[in-house]
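Survey of secondary and tertiary structure
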Amino acid sequence: MSQIGALSLLPVSASTAADLLSPVAEDPNHFIVGPYLQNIGPDEVTVMWITHKNCFSWVEYGAGTYTTKRAFGYVNGLIEANNRVNKITLTGLKPGMQHKYKIVSTEITGYKGSKVEFGETISSPLLGFKTPAENEDEFKTVIFNDIHDRPQIIPQLLYRHGYTGNTRDYDFVIFNGDCFDWVTEEIQMVDHLIKPCVDIFATEFPFILTQGNHECRGSFSRQIPSYYAYPDNKFYYAFTRGPVRFVVLDSGEDKADDTVDYGGLIAFDQYREKQRMWLEREVESPEFKKAEFRVVIIHISPYHSGDGHGTLHCRKVFGPVLNKAKIDLQISGHTHRYMTHEPDADHNYPIVIGGGPLEGNRTLIKLHATRKQLDLKMIRDDGEIVGKFLIPKKGK
Ligand SMILES: [Fe+2]
């Protein structure tokens, strides 16, 4: 579903000088993009979308065929309203079941004192998603990295290599950092990531954006988290999907905090130290210990990623913890050179680094996890398998 082209449908002859100065403000309310799913679990999912004008928005949803429930966003007792970027979490869902949903937004045209004035209501078609089962035995995911503002990579790699016959080879999609060169405005994220995902899969299947060093850059970088949903609103977290405990780490910037380009506005050393303390707790958690497999997602690999400050600091803070934690697999990007690395004297688990962003060097990493094994294949854009691991379940 897309109404992003609505502006081009307006009659040009009606334009006045004022319209030409602010054509977007005159555009009728519509969905800029979405809905797109984030953060799915057996009993919850977060639905996101962006409206053109400020609205009061909600999700109508239900298990099976009917949308008997409504969910709103809440902040400090207020129902979320008079906003454009919507992030509404549906809770109490039934595990392993198909659900239907639609998004609804009513424009807020103004306030007369404290009284709200409402405008037109718009809604999406009825859409659907399936929650994962509580004890899901297997799942599939695909991992992109280093798209660097080349959104055509998403349909090209997904349509060419994301299917077996007509069957999708993914239950969710991971973007492992550097989707952008640097972010300066909302429409860049819409056009270069969110809309291509919505067009192909994101109304039904969620995606994850991991922070790479390039997401840290640009005038809009501090607004990025508003457009995606993360557990506890952090870029580092862990989640369980079927037999796998995923640990997502934020490798941060690749250069030192005092690099002149950053203007003294970054503090990644202390942030990575804080993550290390969280990681030490995570690897001792029952969820981590009881998982059949443990997979680390991190944009800059602490190993085989040059000798920049970010790489070396990730190695110093995360390396010892990961080496003790019986990690089965680490998936990274950043170097733009696809490569697989067997365990060695520095890291006792295999590492996969995806390539990109130029044609002939772009990869889609496909992971199929079952209770018995992790089956990873890294596919180059021409279809060649350029890396693979088959990792059986080990005795823990
Ligand atoms: Fe990078």
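Residues numbered from 1 in each chain as written. Predicted model: local features only at pLDDT ≥ 70, side-chain atom pairs only at ≥ 80, totals over all residues.

1. Here's the deal with the overall build of the protein chain
- Looking only at helices and strands, the protein chain has 7 helices and 23 strands in total.
- Here the protein chain has a C-alpha radius of gyration of 22 Å; the compact-globule value for 396 residues is 21 Å, and the two agree.
- Viewed in the frame of its principal axes, the protein chain has a C-alpha envelope of about 70 × 50 × 45 Å.
- By residue count, 41% of the 396 residues in the protein chain fall in the buried class. (Helix = DSSP H or I, 4+ residues; strand = E, 2+ residues; numbered from the N terminus. Rg over C-alpha atoms; globule rule 2.2 N^0.38 Å. Buried ≥ 20, exposed ≤ 12 C-beta atoms within 10 Å, placed from the backbone.)

2. Thoughts on the domain arrangement of the protein chain
- By the assigned domains, the protein chain splits into domain 1 (4-130) and domain 2 (139-392).
- One C-alpha centre belongs to domain 1, the other to domain 2; they are set 29 Å apart.
- Those elements that place two or more of their residues in the side of domain 1 that touches domain 2 are strand S1 (31-41), strand S2 (44-63), strand S6 (83-90) and strand S9 (127-130).
- Broken down by element, the residue count for the side of domain 1 that touches domain 2 peaks at 9 residues, all from S1.
- Each residue belonging to the side of domain 1 that touches domain 2 can be placed in one class, and the counts come to 13 nonpolar, 5 polar and 1 charged. (Domains from an automatic or database assignment. Nonpolar A, V, L, I, M, F, W, Y, C, P; charged D, E, K, R; others polar.)

3. Comments concerning the sheet that holds strand S22 (residues 373-380)
- If you trace the 6 strands from one edge of the open sheet to the other, you get S14-S13-S10-S21-S22-S23, paired in mixed fashion. Of all the strands in the sheet, just strand S14 (207-209) and strand S23 (385-392) have a single pairing partner and so form its edges. Across the sheet, the mean angle from the axis of one strand to that of its neighbour is 15°, orientation sign disregarded. (Pairing = 2+ DSSP bridges. Axes fitted to C-alpha atoms, helices over the stretch in contact; angles between N-to-C directions.)

4. A word on the sheet that holds strand S20 (residues 351-353)
- Strand order in the open sheet formed by 6 strands is S15-S16-S17-S18-S20-S19, with mixed pairing between adjacent strands. Two strands lie at the open edges of the sheet, namely strand S15 (237-241) and strand S19 (339-341), each paired on one side alone. Pairwise comparison of adjacent strand axes, ignoring direction, gives a mean angle of 20° for this sheet.
- With 5 bridges joining them, S15 and strand S16 (residues 244-249) adopt antiparallel strand pairing. Among the inter-strand pairings, alanine 238 is bridged to a residue of S16, identified as valine 247.

5. Regarding helix H7 (residues 309-324)
- With 16 residues, H7 extends 23 Å from end C-alpha to end C-alpha; this agrees with the ideal 22 Å at 1.5 Å per step.
- Listing the buried residues of H7 in full gives Gly310, Thr311, His313, Cys314, Val317, Phe318 and Leu322.
- Just past H7, the residue lysine 326 takes up positive phi, approximately 55°. (Expected span 1.5 Å × (residues − 1).)

6. Concerning helix H3 (residues 153-161)
- Residues Ile153, Ile154, Leu157, Leu158 and His161 constitute the buried set of H3. Seen from one end, H3 has its buried residues packed into an arc of 110°, which puts them on one side.
- Those residues of H3 that are buried lie in contact with strand S10 (139-144), helix H4 (186-200), strand S21 (363-369) and S22. (Arc of directions from axis to C-beta. Contact = placed C-beta atoms within 7 Å.)

7. Comments concerning the nonpolar core
- Of all hydrophobic cores here, the largest spans 87 residues; its most connected members are Val47, Phe175, Cys197 and Ile365.
- At 8 residues, the largest contribution of residues to this core is made by S2.
- Shared between two domains, this core takes at least three residues from each, and those domains are domain 1 (4-130) and domain 2 (139-392).
- Leave out the neighbours within four places in its chain, and phenylalanine 175 touches Phe144, Leu193, Phe207, Ile208, Leu209 and Thr210. (Core = buried A, V, L, I, M, F, W, Y, C linked by C-beta atoms within 7 Å.)

8. Some remarks on the pairing of strand S13 (residues 172-175)
- Across the two faces of S13 the burial is the same, with Phe172 and Ile174 and Val173 and Phe175 all buried.
- As paired strands, S10 and S13 are joined by 4 bridges and run parallel to one another. Residue pairing across strands places phenylalanine 144 opposite phenylalanine 175, the latter belonging to S13.
- Each parallel crossover has a hand, and the one from S13 via H4 to S14 is right-handed. (Right-handed = clockwise from strand over helix to strand, strands pointing away.)

9. Focus on the pairing of S23
- Where S22 lies against S23, 7 bridges are found, and the strand directions are antiparallel. Following the sheet pairing, leucine 374 is matched in S23 by isoleucine 391.
- Hairpin remark: S22 followed by S23, antiparallel, with 4 residues in the connecting loop; positive phi at glycine 383, about 100°.

10. Concerning the packing of helix H5 (residues 268-282) against H7
- Two numbers describe how H5 lies on H7: the axes approach to 9 Å, and their chain directions differ by 5°. One way to sum up the angle between H5 and H7 is to call them roughly parallel. Across from Asp269, Arg272, Glu273, Arg276, Leu279 and Glu280 in H5, the residues of H7 making contact are His313, Cys314, Val317, Phe318 and Val321.
- For the contact of H5 with H7, a count of residues per class yields 5 nonpolar, 1 polar and 5 charged. (Parallel < 35°, antiparallel > 145°, perpendicular 65-115°, else oblique.)

11. Examining the environment of threonine 91
- With respect to the helices, strands and loops of the structure, threonine 91 is situated in the loop between S6 and strand S7 (98-112).
- Put simply, threonine 91 and tyrosine 163 are 72 residues apart on the chain and 30 Å apart in space, counted from C-alpha to C-alpha.
- Residues contacting threonine 91, with those up to four places away along its chain left out, are Asp43 and Glu44.

12. Remarks on the environment of aspartate 43
- Locating aspartate 43 in the fold gives a position in the loop between S1 and S2.
- The spatial distance from the C-alpha of aspartate 43 to the C-alpha of methionine 97 is 9.6 Å, given a sequence separation of 54 residues.
- Residues within four places of aspartate 43 in sequence aside, it is in contact with Thr91, Gly92, Leu93, Pro95 and Thr131.

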